[in-house]
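Structure assessment
Read off the chains here:
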Amino acid sequence: MEVLKPRGKSVLTVAASGDQAFFYKINGASHVDTFDISYCAQVMMNVKTAAVQTLDYTGYKEFLKSIKSANTDIMSVPKFPKVSVALSQDAKRFLNAVRGQKYRLGSGTNFNPMTAAQYKKLRAGVNAPFNFIWSDVMGLSGHLTQKYDQMYMSNIFQYNCDKDKNVRLIQDLLPFLNDGGEIMLCVTPFFRSFELDVMRNVAKDLEKFVQIRLEATRHQQYAIVKKL
């Protein structure tokens, strides 16, 4: 978020466990839409959003911990009845359909380092489920109906190491960026060297028609594509 500086910006981000959308709102994004290839991502994001709306800081942490340790499904954890009042009907139908099956957040259950003050900001900024686009990344542009200031493509290169496909992906998304808007592509330390090479080669191809820079932090390497 220190790199992206999303305050006041409209954002499209991977849904995943919902943490990206949450931290965008904590850091002042004016509007956040999400997408994912997995419908489960929408359900889990909706569950966590409902928990934010109904639980205090301590209760939220306890709820996530309960989900992680539950022997059956989410609906069996103690705080679920309170959370369920804020769930969408679609999420309730899904959870009823998988009742009795262990359905967890996986790695997303781990409570990201969020302070009580940040949680307060989150509760103030999140009063409804995030808009969710159910799509794989290569078909994403066909579902977009508005422009964004930022698009966050977290770990896309982990699953798509075809240089030409990645170049086409960026080209397809550019029309849905506002002038001066940015697409951020991230890779994390568990990537193999050839995956990093793919990102570097994509950057070389994109240099012809966009402004792009490669940077690195202690935890990840990333490319930022800026629409001219």
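My aim in this report is to walk through the structure given alongside it, one point at a time. What you see is a predicted model; the values in this text were computed from it and never measured.

Here is what the cut-offs are and how they apply
- Residues numbered from 1 in each chain as written.
- Predicted model: local features only at pLDDT ≥ 70, side-chain atom pairs only at ≥ 80, totals over all residues.
- Heavy atoms only, no water.
- Helix = DSSP H or I, 4+ residues; strand = E, 2+ residues; numbered from the N terminus.
- Buried < 20%, exposed > 50% of the residue type's maximum accessible area, 1.4 Å probe, protein only.
- Contact = heavy atoms within 4.5 Å.
- Salt bridge = Lys/Arg side-chain N within 4 Å of Asp/Glu carboxyl O.
- Axes fitted to C-alpha atoms, helices over the stretch in contact; angles between N-to-C directions.
- Parallel < 35°, antiparallel > 145°, perpendicular 65-115°, else oblique.
- Left-handed = near helix turned anticlockwise from the far one by under 90°.
- Phe/Tyr/Trp six-rings, centres within 6.5 Å; stacked < 30°, edge-to-face > 60°.
- Pairing = 2+ DSSP bridges.
- Right-handed = clockwise from strand over helix to strand, strands pointing away.
- Core = buried A, V, L, I, M, F, W, Y, C linked by side-chain atoms within 4.5 Å.

**Regarding the overall build of the protein**
Along the protein, the regular secondary structure elements total nine helices and seven strands. Sorting the 228 residues of the protein into buried and exposed places 49% on the buried side. Of the contacts formed within the protein by residues at least 6 apart in sequence, a portion of 68% connects residues at least 24 apart.

**Quick word on the pattern of salt bridges**
Scanning the model with the defined rule gives three salt bridges in all. Notably, a salt bridge pairs Asp19 with Lys48, separated by 3.0 Å at the nearest N-O pair. With Asp19 in helix H1 (residues 19-26) and Lys48 in helix H2 (residues 39-54), this pair connects stretches of sequence that are 29 residues apart. Overall, Asp19 belongs to the buried group, its relative accessible area being 12%. Lys48 gets classed as buried once you look at its relative accessible area, which sits at 1%. One salt bridge in this structure joins Glu62 and Lys79, with 2.8 Å as the shortest N-O distance.

**Points about the packing of H2 against helix H5 (residues 89-97)**
At a minimum axis distance of 10 Å, the contact between H2 and H5 shows a crossing angle of 115 degrees. Accordingly, the angle class assigned to the pair H2 and H5 is roughly perpendicular. Here H2 runs over H5; the crossing is left-handed. In contact with Tyr39, Cys40, Val43, Asn46 and Val47 of H2, H5 contributes Asp90, Ala91, Phe94 and Leu95.

**Quick word on the packing of aromatic side chains**
Enumeration according to the criterion identifies six aromatic pairs in this entry. The interplanar angle of 70 degrees and the centroid separation of 6.4 Å between the aromatic rings of Tyr24 and Tyr152 together place this pair among those described as edge-to-face. Here the residue Tyr24 occupies a position in helix H1, and Tyr152 occupies one in strand E4 (residues 148-154), the gap between them amounting to 128 residues. Look at Tyr24 and you get buried, because its relative accessible area is 0%.

**Quick word on the pairing of strand E1 (residues 10-14)**
Here E1 lies mainly inside the structure; five of its five residues are buried. Of the pairings in the sheet, the one linking E1 to strand E2 (residues 31-36) comprises five bridges and is parallel in character. If you follow Leu12 over to E2, its bridge partner there is Asp33. Taken together, E1, H1 and E2 constitute a β-α-β crossover, and its handedness is right-handed. With three bridges connecting them, E1 and E4 associate as parallel partners.

**Description of the nonpolar core**
Counting 43 residues, the largest nonpolar core has Phe63, Leu95 and Leu122 as its most contacted members. Every element with two or more residues in this core is listed here: H1, H2, helix H3 (57-69), helix H4 (80-84), H5, helix H6 (116-125), strand E5 (177-187) and strand E7 (221-226). Tallying contributions element by element places H2 first for this core, with eight residues. In this structure Phe63 touches Val47, Ala51, Leu55, Ile74, Val77, Lys79, Phe80 and Val83, once residues within four positions along its chain are discounted.

Honestly, that's just the spatial picture; any functional story needs more than this.
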